[in-house]
Amino acid sequence: KCSWIDNSTVLAAGEDGTIRFWNVDESDPSKQLVKSIKVGDMGIRDIELKTLDSGKTILTVSSGDTVSFYDASTCQKLKSHKMPIHFREEGGASLHPSGTKFITGGGRRGGSMASGASDGGGELGSDLLVYVYDYETGKVLETHRGHHGPVRCLRYHPDGKSYATGSEDGTIRLWTT
């Protein structure tokens, strides 16, 4: 995954668990890597840059069984929450513009049928639910069911009044907050 911070800096997330900040305007290759964040040993499945209503820019990272939040300007970890799913093969997270909650979707529950897949939908181990969590505590606030395949992507609308999820089942669903 990659994401632009500004016109000259791109973030690239790797399977080695590292996010690298690259200055694409720098002509000297030895100076193009500006900084990096080692998130962990698992591959990074998703990253999102979000400027909150407060003006602070937060980097949301989905890796392994964890969603972590970093101050994008200092690279300091602000919060980290262990999830009931893991992001080794699919899924991601998105922070609400208020910074008070976040959503996750996709991911896998190792070896058992997907939660929400008892009606025959979903592939083995894929979680078909979308979760809403409290940012401060990591507590589940809501769960939503609607896809018949793994959730591959999700993002809050910039106004925070809704969010969209995309699934391997070929559908995009819009949810109100």
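One structure accompanies this document, and this report is about it. Since the model is a prediction, treat every value here as computed from it, not as a measurement.

**Considering the nonpolar core**
Phase 1: Val67, Phe69, Met83, Leu95 and Phe102 are the most contacted members of the largest nonpolar core, which has 14 residues in total.
Phase 2: Only strand 7 (66-71), strand 9 (92-95) and strand 11 (130-134) provide two or more residues apiece to this core.
Phase 3: Once you skip the residues sitting within four places of it in the chain, Met83 turns out to touch Asp65, Val67, Phe102, Thr104 and Tyr133.
Phase 4: In this structure, Ala13, Phe21, Tyr70 and Cys75 belong to the second largest nonpolar core, which totals 12 residues.

**A word on the packing of aromatic side chains**
Two descriptors summarise a pair of aromatic rings, namely the distance from one centre to the other and the angle between the planes of the rings.
Phase 1: Evaluation of the coordinates by the stated rule reveals six aromatic pairs.
Phase 2: With a centroid separation of 5.4 Å and 70° between ring planes, the pair formed by Tyr156 and Tyr163 is classed as edge-to-face.
Phase 3: Taking relative accessible area as the criterion, Tyr156 reaches 6% and is therefore assigned buried.
Phase 4: Measuring from ring centre to ring centre gives 6.2 Å for Tyr163 and Trp175, while their planes differ by 20°; the resulting arrangement is stacked. With Tyr163 in strand 14 (residues 162-167) and Trp175 in strand 15 (residues 172-176), this residue pair connects regions lying 12 residues apart in the sequence.

**Comments concerning the pattern of salt bridges**
Phase 1: Applying the stated criterion across every chain yields a total of nine salt bridges.
Phase 2: The salt bridge partner of Lys50 is Glu48, with a shortest N-O separation of 3.5 Å.
Phase 3: Since its relative accessible area comes to 5%, Glu48 is described here as buried.
Phase 4: One network of salt bridges, with partners in common, ties together Asp46, Glu48, Lys50 and Arg155.

The rules behind these values
Here, residues in each chain are numbered from 1, in the same order as that chain's written sequence. This being a predicted model, a pLDDT of at least 70 is required before a residue's local features are given, and a value of 80 or more before pairs of side-chain atoms are given or counted; all residues contribute to the totals for chains, interfaces and linings. Neither water nor hydrogens contribute to the side-chain values; these are computed over all heavy atoms in the structure. Residue types Ala, Val, Leu, Ile, Met, Phe, Trp, Tyr and Cys, when buried and joined through side-chain atoms within 4.5 Å, form a set referred to as a nonpolar core. A simple rule labels every residue: compare its accessible area, found with a 1.4 Å probe on the protein chains alone, to the largest value its type can have, and call it buried under 20%, exposed over 50%, or partly exposed in between. Numbering of helices and strands runs from the N terminus, with a helix taken as a DSSP run of H or I at least four residues long and a strand as a DSSP run of E at least two residues long. The contact rule is simple, with two residues in contact once any of their heavy atoms fall within 4.5 Å. Here a pair means two rings of Phe, Tyr or Trp (six-membered ring of Trp) with centres within 6.5 Å. Their orientation is stacked below 30 degrees between planes, edge-to-face above 60, and tilted elsewhere. One side-chain nitrogen of Lys or Arg within 4 Å of one carboxyl oxygen of Asp or Glu is enough to make a salt bridge.

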